[in-house]
Every structure is written in C-alpha cells, then in structure tokens.
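This is what each chain is made of:
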Amino acid sequence: MLDPKTLSVALILILIIGCALHLVNWRMHPKSAGAKWWTIGLCVQTAGAITTVIANAGGDPSMVLIAATNFMALGGVVLLVYGTASFAARPLPLAIYAGLSAFIVIGTAWFAIIDPSVTMRLVMFGVVQFVCNTLILTRLGHIARRDGAMGVVVLAASLVTLVALMVVLVGWHLLTQPEITGLYDDSPVLVPTMLTLIACKTTMIFGYLLLSAGYSQAQLHRLALSDALTGLPNRRAFEEAVEQRLTSARKQDRLIALAIFDVDHFKQVNDIHGHDAGDAVLRHLGRVAAQAVRPLDFVARVGGEEFAVIFDVEDAAELVTAANRLRLAIEIDHPRVGENAVPTTVSVGAVLALSEPWLEFNRLYRAADQALYRAKATGRNRVVVGEVDAIELAA
C-alpha cells in the first residue's frame, strides 16, 4: 500500500541516483555552468529531503531542523533556476534570487518556528515551485533556439506538469482537507503530492541531462560547419546556405547572387613572411569580410585563401556595388605581421541568376569560379560578374 513514508523513501532514492548521474554529467562538462549548478541544486534538494525524513522519523521533530530542511529543499530549486539561466546565457536579475531567498528564509522560519503549520509550508512549497519553474520555462526557449529541442521538450513538459498538479493539489487541500500536522499524516493530499514529485523529479533529472547532451551535439554541429582558422562558416555550411537560398528564391521568384574571392599573390605572402603570417592574413581577411557584408549576406571560407559570399541583392548593379564594397574594405584595411603592414587585395568573381529548377549549387559555384579566373587574368583586384551556362547575367 502506498503511504507518504514509503513514497518519501522512493523519492530520496531517485534524487540520490539523480545526483550521481549529474555528478558524472558535470565531470563530462566541467566548463558548463548549467551542469555545475544543476548538480549542486539537486544535491542540496537531496540533502534537504533526507534530513526531512530523518527529522520526522521520531514523530516529534525539532522545528529548527524542519526549517533548515525546508530551506534546503526550496533553496535547491532556486539553484536549478540559476543553473538554467546560466546555461542559457540569459542571466536573471539578482533581485529575483534575493527576493526568492528572502521569501524562503522568512517563510520557512515563520511557519516552522514562530507559527508552525505544515499546510502553510506546503503552500509555500507550491508557490516557490510555481515561480521557479516559470522562470526556468522563460529560459528554455533560448536554449531551444541555440541547441535544438533535445531535452527542452522533456524538461518543459515535466515543469508544466509539476506546476499544474501542484496548483491542483494545494488548491484541493486548502478547500477540502483539514490541517496537516506531520509529513506522515493520513491525508489524501500527501500521497498524490509525493507521486507527483516522484514522476516529475525523475523526468526533470533526465531533462537537464538531455540539455547538456543537446548542447554538446549542437557544439559539434557548429564545429563541423565552422572554419577553425577564421571562425567563419566553412564550405559545407556555405553549400547548405546556398541550397536554402535557392529553395527560398524559387518560392519567391527572386534572384540569387554568389561571389568567390581569394587573395591576390597569396603565395608570395607565404614565401616572404612565412606560413604563420599567411594564416594571420587569412584571419584578418575573415574579420574584415565579416564586417563588410550586410546582415542578410553570408560569407564563408571555402578552402585555402578562397572565400565565398551569398549577397542579398536585387540586380546586377547592386551585386557589383556590394562586391566592390567588400573588395575595397579588404584593400584599405591591411593586416599586420609584427610591425609590418602587408598590403592585401582580392579578386572577385560573381554571378547573379534566377533560381530556376535546373539551377544547383555546383553550376552556380562553377560560374562564379570562372568569373574569378577572368578577374585574375585581367589584372586582379577587381570584380567580374559572369554567367551561368549560356544565360547572360550582367554586363
């Protein structure tokens, strides 16, 4: 038969297992503020739950000890909020944590020592859970946008369920049940409350673990799409971006513009200054290019000294203007190697086309590459707009 004492022991076992899992997770993600504070918060909650069971085992618990255990149980929830906000890189104002802490300290002291009431402590528990879980939910959207829905759905579902059931159970008790005098009273509200905590805490434990896993997976995906030297997107990311733009342009019957540029006489930079200087030039060029393009443009390093850009333009004249703006930004802002400036220019080959069903990345890229070759052949440090197959795109 289910009774509060048996269920409280089951909850503690689940919390202990959760602490062990989160300690492992923290060790696997030592730089993650979320993993750190989730572990600490869960351990504090577990300590509070264990102490509560011990304090109530004798039947006449010390009210000071009860106040301390309630503070630990609720303080652990606040630490989970702090961990989630840190993990989302969206910190909450310190005043919120101060207000919650003051409410918990004053409330637990008042209803455990000054005017003891198990019912009011249960109400306090419900209020703190409601506020803290709501605050956590406000940060899960940021995490989902950054890392995907992995873990967010599980955690959000458990938080919403816990809030909803706690509101129902606390409301039910306040409306229909007499005063509770102890944790192990024969009250209809205590058993469903403990079952709710067991179910929701179990899913929450795994929800937080899934957030860490989702972050790691998203980081690996970002690394797979990033160039290690410049920090720009790499060729794979560029191909994906072009395919997405092609699909979008077909739906909207718009043009798509693509440009390739590389450093003029880059071999001489390596020969004269060394390969470390060549890397410094490429890093500098990547920074300048990223600053020179507009928010809707997309710039990437696609290999060696070669870079590529998707320009968001309406016609050939706007494409030439955008490409020349990029070219001039690089020409004006010289990279430095030690105390020496290294004059750097780039040649740009660009194409502009309607996104027809037959148009694919390879054709577009090949046409831009041919235009780049002509820019090199006709003197370098210039922009040449080319053609896709036999379709003329610009003069």
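The structure this text deals with has already been given above.
Overview of the structure. (Residues numbered from 1 in each chain as written. Predicted model: local features only at pLDDT ≥ 70, side-chain atom pairs only at ≥ 80, totals over all residues. Heavy atoms only, no water.)

1. Description of the environment of alanine 89
Phase 1: Of note, alanine 89 is situated in the loop between helix H3 (63-87) and helix H4 (94-114).
Phase 2: Separated by 55 residues in the primary sequence, alanine 89 and glycine 34 place their C-alpha atoms 9.5 Å from one another. (Helix = DSSP H or I, 4+ residues; strand = E, 2+ residues; numbered from the N terminus.)

2. Focus: the packing of aromatic side chains
Phase 1: Counted according to the given criterion, the structure contains nine aromatic pairs.
Phase 2: Centre to centre, the rings of tryptophan 38 and phenylalanine 87 are 4.9 Å apart; their planes meet at 50°, and the pair counts as tilted. Placement of tryptophan 38 in helix H2 (residues 33-57) and of phenylalanine 87 in helix H3 is noted, with a sequence separation of 49 residues between them.
Phase 3: For tryptophan 38, a relative accessible area of 1% puts it in the buried group.
Phase 4: Through successive ring pairs, a cluster of aromatic residues spans Trp38, Phe87, Tyr208 and Tyr215.
Phase 5: Across the ring face of phenylalanine 87, the terminal group of arginine 146 is positioned such that the distance to the ring centre comes to 5.0 Å.
Phase 6: Just above the ring of tyrosine 365 sits the side chain of arginine 235; from NZ or CZ to the centre is 4.5 Å. (Phe/Tyr/Trp six-rings, centres within 6.5 Å; stacked < 30°, edge-to-face > 60°. Buried < 20%, exposed > 50% of the residue type's maximum accessible area, 1.4 Å probe, protein only. Lys NZ or Arg CZ within 6 Å of the ring centre and 35° of its normal.)

3. Let's talk about the pattern of salt bridges
Phase 1: If you walk through the whole model with that rule in mind, you get 13 salt bridges.
Phase 2: Its salt-bridge partner being glutamate 314, residue arginine 254 comes within 3.0 Å of it at the nearest N-O pair. Placement of arginine 254 in the loop between helix H8 (235-252) and strand S1 (255-263) and of glutamate 314 in the loop between strand S3 (306-311) and helix H11 (316-332) is noted, with a sequence separation of 60 residues between them.
Phase 3: A relative accessible area of 52% places glutamate 314 in the exposed class. (Salt bridge = Lys/Arg side-chain N within 4 Å of Asp/Glu carboxyl O.)

4. Describing the sheet that holds strand S6 (residues 346-354)
Phase 1: Here we have five strands laid out as an open sheet, ordered S2-S3-S1-S6-S7, and mixed in their pairing. Since the sheet does not close on itself, it has two edges, and those belong to strand S2 (298-303) and strand S7 (383-385), each with one partner. Each strand of the sheet is rotated relative to its neighbour by a mean of 20°, with strand direction disregarded.
Phase 2: Pairing analysis gives five bridges linking S2 to S3, with the strands arranged antiparallel. From the neighbouring strand, phenylalanine 298 faces S3, where its bridge partner is isoleucine 310.
Phase 3: Contacts from helix H10 (residues 275-292) reach S1, S2, S3 and S6 within the one sheet, and its direction differs from that of S1 by about 150°. (Pairing = 2+ DSSP bridges. Axes fitted to C-alpha atoms, helices over the stretch in contact; angles between N-to-C directions. Contact = heavy atoms within 4.5 Å.)

5. Comments concerning the nonpolar core
Phase 1: One finds Leu140, Tyr208 and Leu211 to be the most contacted residues of the largest nonpolar core, which totals 49 residues.
Phase 2: At the level of secondary structure, the elements contributing two or more residues to this core comprise helix H1 (4-28), H2, H3, H4, helix H5 (118-147), helix H6 (152-176) and helix H7 (190-224).
Phase 3: Setting aside chain neighbours within four positions, we find leucine 140 in contact with Thr84, Val152, Leu155, Ala156, Leu159 and Leu211.
Phase 4: Core analysis: the second largest hydrophobic core is formed by 32 residues, Ala259, Leu282, Val309 and Phe311 among them. (Core = buried A, V, L, I, M, F, W, Y, C linked by side-chain atoms within 4.5 Å.)

6. Here's the deal with the environment of alanine 95
Phase 1: Its location among the elements puts alanine 95 in helix H4.
Phase 2: What makes alanine 95 exposed here is its relative accessible area of 60%.
Phase 3: Separated by 254 residues in the primary sequence, alanine 95 and glycine 349 place their C-alpha atoms 55 Å from one another.

7. Describing a nonpolar patch on the surface
Phase 1: On the surface, a cluster of nonpolar side chains totalling about 430 Å² of accessible area is made up of Val9, Leu13, Ile16, Ile50 and Ile54.
Phase 2: Going through the elements one at a time, H1 and H2 are the ones with two or more residues in the nonpolar patch.
Phase 3: Sorting elements by how many residues they give to the nonpolar patch places H1 first, with three residues.
Phase 4: Here valine 9 lies in helix H1. (Patch = residues over 30% accessible without salt bridge, like charges linked within 9 Å, V, L, I, M, F, W, Y side chains within 5 Å. Areas by Shrake-Rupley, 256 points an atom, 1.4 Å probe, with all protein chains shown as cover.)

8. Focus on H3
Phase 1: Under the 1.5 Å per step criterion, the end-to-end length of H3 is 36 Å for 25 residues, consistent within 8% with the ideal 36 Å.
Phase 2: Taken from the residues just after H3, alanine 89 is the one with a positive phi, measuring 60°. (Expected span 1.5 Å × (residues − 1).)

9. Comments concerning H5
Phase 1: In this model, H5 (30 residues) spans 41 Å end to end at C-alpha, consistent with the 44 Å of a helix rising 1.5 Å per residue.
Phase 2: At arginine 139, H5 shows its largest kink, close to 25°.
Phase 3: Just past H5, the residue glycine 148 takes up positive phi, approximately 95°. (Bend = angle between axes of the 7 residues up to and from the residue.)

10. With respect to the environment of leucine 79
Phase 1: Take leucine 79: it is sitting in helix H3.
Phase 2: Those residues in contact with leucine 79, other than ones at most four positions away along the chain, are Trp37, Ile40, Gly41 and Val44.

11. Quick word on the pairing of S1
Phase 1: When you tally the buried positions in S1, you get eight out of nine residues, the bulk of the element.
Phase 2: Bridge count for S1 against S6 is nine bridges, and the pairing is antiparallel. Considered in S6, the bridge of leucine 255 is made with leucine 354.

Keep in mind these numbers describe shape, not what the thing actually does.
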